[in-house]
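Residue-level structure breakdown
If you want the building blocks of each chain, they are given just below.
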Amino acid sequence: MENYYSSGQLLQLGIKQGEPILISFAEETKRGLYFLTNRDIVLISVVRTINCFKSNGKGNEQAGEVIKNALAKEKVQFFVVAEANCALSELGDMTKPDPERLGKLVYDIPGANSILEMPLVVAQVTKFRCGGFTLGLCMNHCMFDGIVAMEFVNSWAETARGLPLSIPLFLGRTIRKSRNPPKVEYPHQELAEIEDRTKALSMLPDRQTKLPFAVDMRAKFDPPLPKGYFGNGIMLAHLIRRAGEIVEKPLSFTVGLI
């Protein structure tokens, strides 16, 4: 049981989780090693997301069963159904990260000491009293980036409705296999070591600071990645400027540079 404020009133948030279910795949799957690109390997980490679905008048009684049946085709390993003691609207602003409050909507594997002891994808459906529900996902970033994660959820929804996939998944990650031997054609500023890069660290005005950010490279590769590419299609770009310039000018200046 957890306390938090919603619309100025103290609300008791209770989430009752059912027993986790190990999903058996609907079709025989190929066994063996799955190739990971150098970008996939760098991004091995856990990402948690929550998708909210308002009631459309049909209620959520069958939500868990329908989604679970579709999971067997989407090859998600662990599935949990839970119930909340409030309405979706009482959760407040869901756009603000709040692991302590919203973490109850995503299932964590008990006793897992490292990412190697966690499934690649875990799903939790939480049903709310208003008839809506949330789909909480705990995913390994080495499998896909944000764009593919949403394509995955959309494909999952299409499977649950009995529809053909609008974007079939492309699983051939070896098209992004590194050249052998490696060939460096451009300077890689992301490899430069910069000790201090923020005002909080009292950087000197003339010292350079670096801001990394993700860029979708699907259309920028030569050749472009196929539509539905199931993997990480992002690269890290870096903005390098003088610390004094970043501190003295408005935030809109830095945003414009990006």
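What counts and how
- Position numbers for residues count from 1 along each chain, tracking the sequence in the order it is written.
- Only residues with pLDDT of at least 70 are given local features in this predicted model, and only at 80 or more are side-chain atom pairs given and counted; all residues enter the totals for whole chains, interfaces and linings.
- Water and hydrogen atoms were dropped before computing side-chain values, which therefore reflect all heavy atoms in the structure.
- Segments assigned H or I by DSSP are reported as helices when at least four residues long, segments assigned E as strands when at least two residues long, and all are numbered from the N terminus.
- Think of it in three bands: residues with accessible area under 20% of the maximum for their type are buried, residues over 50% are exposed, and the middle band is partly exposed, with areas taken using a 1.4 Å probe on protein chains only.
- Contacts between residues were defined by any pair of non-hydrogen atoms, one from each residue, lying within 4.5 Å.
- Salt bridge criterion: a side-chain nitrogen from Lys or Arg within 4 Å of a carboxyl oxygen from Asp or Glu.
- Any Phe, Tyr or Trp ring, taking Trp's six-membered ring, that has another such ring centre within 6.5 Å forms a pair; planes under 30 degrees apart are called stacked, those over 60 apart edge-to-face, and the others tilted.
- A positively charged side chain is recorded as over a ring if its NZ (Lys) or CZ (Arg) lies within 6 Å of the ring centre. The angle to the ring normal must also be within 35 degrees.
- Residues enter a patch when their relative accessible area is above 30% and they make no salt bridge; the linking distance is 9 Å between like charges and 5 Å between nonpolar side chains (Val, Leu, Ile, Met, Phe, Trp, Tyr).
- Note on areas: Shrake-Rupley with a 1.4 Å probe; residue coverage comes only from the protein chains shown.
- Scored between 0 and 100, pLDDT is the confidence that the predictor attaches to each residue.
- Here, the term disulfide refers to a pair of cysteine sulfur atoms separated by no more than 2.5 Å.
- Any N or O atom pair separated by 3.5 Å or less is treated as a polar contact, with the protein-specific requirement of one donor-capable and one acceptor-capable atom, and with residues adjacent in sequence counted only for side-chain atom pairs.

**A closer look at the overall build of the protein chain**
Of the regular secondary structure elements, the protein chain holds six helices and 10 strands. The 258 residues of the protein chain split such that 34% are buried. Within the protein chain, contacts between residues separated by at least 24 positions form 72% of all contacts whose residues are at least 6 apart in sequence.

**Focus on the pattern of salt bridges**
Per the counting criterion, the structure on display carries six salt bridges. As a salt-bridge pair, Asp-108 and Arg-48 come within 2.9 Å of each other at their nearest N and O atoms. Of this pair, Asp-108 sits in the loop between helix 3 (99-102) and strand 7 (121-127) while Arg-48 is found in strand 5 (residues 46-53), placing the two residues 60 residues apart along the sequence. Lys-249 is the salt-bridge partner of Glu-245, the closest N and O atoms lying 3.7 Å from each other. Note on Lys-249: relative accessible area 37%, which makes it partly exposed. Each of Asp-145, Asp-216 and Arg-218 takes part in salt bridges that share partners, so that together they form one network.

**Some details on the packing of aromatic side chains**
Inspection of the entire model under this criterion finds five aromatic pairs. Taking the centre distance of 5.2 Å and the plane angle of 85° together, the rings of Phe-144 and Phe-230 count as edge-to-face. Of this pair, Phe-144 sits in the loop between strand 8 (133-140) and helix 4 (146-160) while Phe-230 sits in the loop between strand 9 (208-216) and strand 10 (234-242); the two residues are 86 residues apart in sequence, bridging distant segments of the chain. Members of the aromatic cluster, each reached through a chain of ring pairs, are Phe-144, Phe-152, Trp-156 and Phe-230. Taking NZ or CZ as reference, Lys-249 lies 4.3 Å from the ring centre of Phe-253, over its face.

**Points about a nonpolar patch on the surface**
Together, Tyr-34, Leu-169 and Leu-171 line one region of the surface with nonpolar side chains, adding up to about 270 Å² of accessible area. Relative to the helices and strands, Leu-171 is located in the loop between helix 4 and strand 9.

**Side note on the environment of Phe-35**
With respect to the helices and strands, Phe-35 occurs in the loop between strand 4 (21-22) and helix 1 (38-42). Along the chain, Phe-35 and Leu-171 lie 136 residues apart, while their C-alpha atoms are 9.8 Å from each other.

**Observations regarding the confidence of the model for the protein chain**
Scored by pLDDT, the protein chain comes out at a mean of 79, with 84% of its residues at no less than 70. Considering only residues more than four positions removed or in separate chains, one finds that residues 1-10, a stretch of pLDDT under 50, has 27 contacts. A low-confidence stretch, residues 191-196 stays under pLDDT 50, and its non-local contacts, those more than four residues away or across chains, total eight contacts.

**Here we look at the state of the cysteines**
Considering all chains together, one arrives at zero disulfides under this definition. Here Cys-86 stays free of any disulfide, with the sulfur of Cys-130 as its closest cysteine sulfur at 8.1 Å. Taking relative accessible area as the criterion, Cys-130 reaches 38% and is therefore assigned partly exposed.

**Overview of the side chain of Arg-218**
When you line up the elements, Arg-218 lands in the loop between strand 9 and strand 10. Separated by 2.8 Å, the side chains of Arg-218 and Asp-145 make a polar contact. A distance of 2.8 Å separates the side chain of Arg-218 from the side chain of Asp-216, its partner in a polar contact. If sequence neighbours within four positions are ignored, Arg-218 has contacts with Asp-145, Ile-147, Val-148, Pro-224, Leu-225, Gly-231 and Gly-233.

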